[in-house]
Amino acid sequence: MGEVVKGNNVLMIGFMGSGKTSVGRELARMLGFRFVDTDEEVIRAAGGREVSQIFEEEGEAAFREREARILQMLAGEKNLVISTGGGLPVRDENRRLMETMGLVVWLDATREAILHRVAGNQNRPLLRGDNVEEEVSRMLTERRPIYEALAELRIETDGLSVGDVAYGVAESVRVHRAGNPEG
Ligand code: S3P
C-alpha cells in the first residue's frame, strides 16, 4: 500500500453555537478555499428539508447516517473549509475519516456563550426540550473530550469576533503548513 497523504482541507469542529459556520465561511474566503457546511449538504440531499424536519420525519439515527454519507462524499476533495455538525465527530468512523482529510480545528466556547448563542433558535432539534441548560451541560461533558482528542488546533472563541477567530485560524493554518507542506 502506498503512503497515505493527508488532505489539505480545514475541518471545523465544535459544539452547536460555537461559530463553525460563520467562522468557516470567513476562513474559506481568507484562504481562497471553497466553503462547505455538512448540515447544508444534508439539507440539500434531503430535498431541502430542514434538519429539524429530518429529525422529526426520519429520526436522529437516519440524520446521523445522512451526515456520515456527506462526509464520505467530501473525503476525496481538497481546498475545502468544512464546517461540521456538532455531533458528527461522535462517531468513530467519522473521526477516522476526518483525520485523513486535513487539519481539524476545534472552536471552543464556554457553556454561557453557547447558551447565549443558541437561545431561541428552533432549528436545533437536540436543544428544543424544556431544560436546554441541563442538556447543553450534559452534552458538553460528553463531547468536549471527543473534540479535544480529535483536534490538532483549539481556539477559544469567547469575546472574539468572527473575523478575529477566522484570522487566528488562517494564521495557524499557514504556520501548520510551513511545518507540514502536505498537511
Ligand atoms: C447537532 C448539531 C447541529 C445539527 C444537528 C445536530 C449536534 O449542527 O447537525 O442539529 O448533535 O450537535 P451545528 O453544530 O452546526 O448546530
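The structure presented is a predicted model; accordingly, all values stated were derived computationally and were not measured.

What am I meant to see in the side chain of Glu67 here?
For Glu67, the position within the fold is in helix α4 (residues 60–74). A relative accessible area of 1% means that Glu67 is categorised as buried. Polar side-chain contacts of Glu67 include one of 2.6 Å to the side chain of Arg64. If we skip the residues at most four places from it in the chain, Glu67 touches Asp39, Val42, Gly85, Gly87 and Leu88.

In this structure, what is going on with the nonpolar core? I would like to understand it.
Taken as a class, soluble globular proteins show a tendency for nonpolar side chains to be buried jointly. Counting residues in each nonpolar core, the largest one holds 34 residues, and the members touching the most others are Ile13, Phe15, Leu74, Met98, Val104, Ile114 and Val136. Considering each element in turn, this core owes the most residues, five residues, to helix α7 (residues 132–150). Those residues within four positions of Val136 in sequence are excluded, and the remaining contacts are Phe15, Arg111, Ile114, Leu115 and Leu127. In this structure, Val10, Val23, Phe35 and Ala166 belong to the second largest nonpolar core, which totals 18 residues.

Would you mind showing me how to read the sheet that holds strand β1 (residues 9–13) here?
Strand pairing in a sheet is mediated by backbone hydrogen bonds. Such pairs are either parallel or antiparallel. Overall, parallel pairing links the five strands, which are arranged β2-β3-β1-β4-β5 in an open sheet. Each having just a single partner strand, β2 (34–37) and β5 (153–156) make up the two edges of the open sheet. Each strand axis lies, on average, 20 degrees off the axis of its neighbour in the sheet, ignoring direction. The pairing of strand β4 (residues 102–108) with β5 spans four bridges and is parallel. Bridge pairing in β5 links Asp108 to Glu156. Against the sheet, helix α5 (residues 92–101) makes contact with β1, β3 (80–83) and β4, and its axis sits at roughly 115 degrees relative to β4, the strand it touches most.

What am I meant to see in the pattern of salt bridges here?
For side chains bearing opposite charge, pairing can occur when the charged atoms are close. For the structure on display, the rule yields 23 salt bridges. For the salt bridge of Arg64 with Glu67, the shortest nitrogen-to-oxygen distance reads 2.6 Å. Placement of the pair is Arg64 and Glu67 together in helix α4, with a separation of three residues, close to one helical turn. Note that Arg91 is salt-bridged to Glu93, the shortest N-O span being 3.9 Å. The structure contains a network of salt bridges with shared partners spanning Arg49, Glu57, Glu58 and Arg66.

Would you explain helix α1 (residues 20–31) in this entry?
In an α-helix, one turn spans 3.6 residues; hence positions three or four apart end up facing the same way. Counted at 1.5 Å a residue, the expected span for α1 with its 12 residues is 16 Å, and the 16 Å between its end C-alpha atoms agrees. Of all the residues in α1, the buried ones are Lys20, Val23, Gly24, Leu27, Ala28 and Leu31. Taken around the axis of α1, the buried residues stretch over an arc of 135 degrees, which confines them to a single face.

I tried to follow α7 on my own but got confused; where do I start?
Relative to the 27 Å expected for 19 residues at 1.5 Å per residue, α7 spans 26 Å between its end C-alpha atoms, a close match to the ideal helical length. The sharpest bend along α7 reaches about 35 degrees and sits at Arg143, with the proline Pro145 one to four residues further on. Of the residues making up α7, those classed as buried are Val136, Met139, Leu140, Arg143, Ile146, Tyr147 and Leu150. Packing partners of the buried residues in α7 comprise β1, α4, α5, β4 and α6 (111–118).

What is the right way to look at the packing of aromatic side chains in this model?
What characterises a pair of aromatic rings is the spacing of the ring centres plus the angle enclosed by the ring planes. Counted by the stated rule, this structure contains two aromatic pairs. Taking the centre distance of 5.0 Å and the plane angle of 45 degrees together, the rings of Phe55 and Phe63 count as tilted. Side by side, Phe55 and Phe63 carry an identical accessibility label, which is buried.

Even after reading the chapter, I still don't get the site of the ligand, so can you show me in this structure?
The environment of the ligand is made up of 13 residues, and the closest members are Lys20, Asp39, Arg64, Arg124 and Arg143. At 2.6 Å, a side-chain N or O of Arg124 approaches an oxygen atom of the ligand. Contact between the ligand and Arg143: an oxygen atom at 2.6 Å from a side-chain N or O atom of the residue. Expressed as a share of its isolated accessible area of 390 Å², the protein-covered part of the ligand is 96%.

The rules behind each value
Residues numbered from 1 in each chain as written. Predicted model: local features only at pLDDT ≥ 70, side-chain atom pairs only at ≥ 80, totals over all residues. Heavy atoms only, no water. Helix = DSSP H or I, 4+ residues; strand = E, 2+ residues; numbered from the N terminus. Buried < 20%, exposed > 50% of the residue type's maximum accessible area, 1.4 Å probe, protein only. Polar contact = N/O pair within 3.5 Å; in protein donor to acceptor, adjacent residues only side chain to side chain. Contact = heavy atoms within 4.5 Å. Core = buried A, V, L, I, M, F, W, Y, C linked by side-chain atoms within 4.5 Å. Pairing = 2+ DSSP bridges. Axes fitted to C-alpha atoms, helices over the stretch in contact; angles between N-to-C directions. Salt bridge = Lys/Arg side-chain N within 4 Å of Asp/Glu carboxyl O. Expected span 1.5 Å × (residues − 1). Arc of directions from axis to C-beta. Bend = angle between axes of the 7 residues up to and from the residue. Phe/Tyr/Trp six-rings, centres within 6.5 Å; stacked < 30°, edge-to-face > 60°. Near = heavy atom within 4 Å. Areas by Shrake-Rupley, 256 points an atom, 1.4 Å probe, with all protein chains shown as cover.

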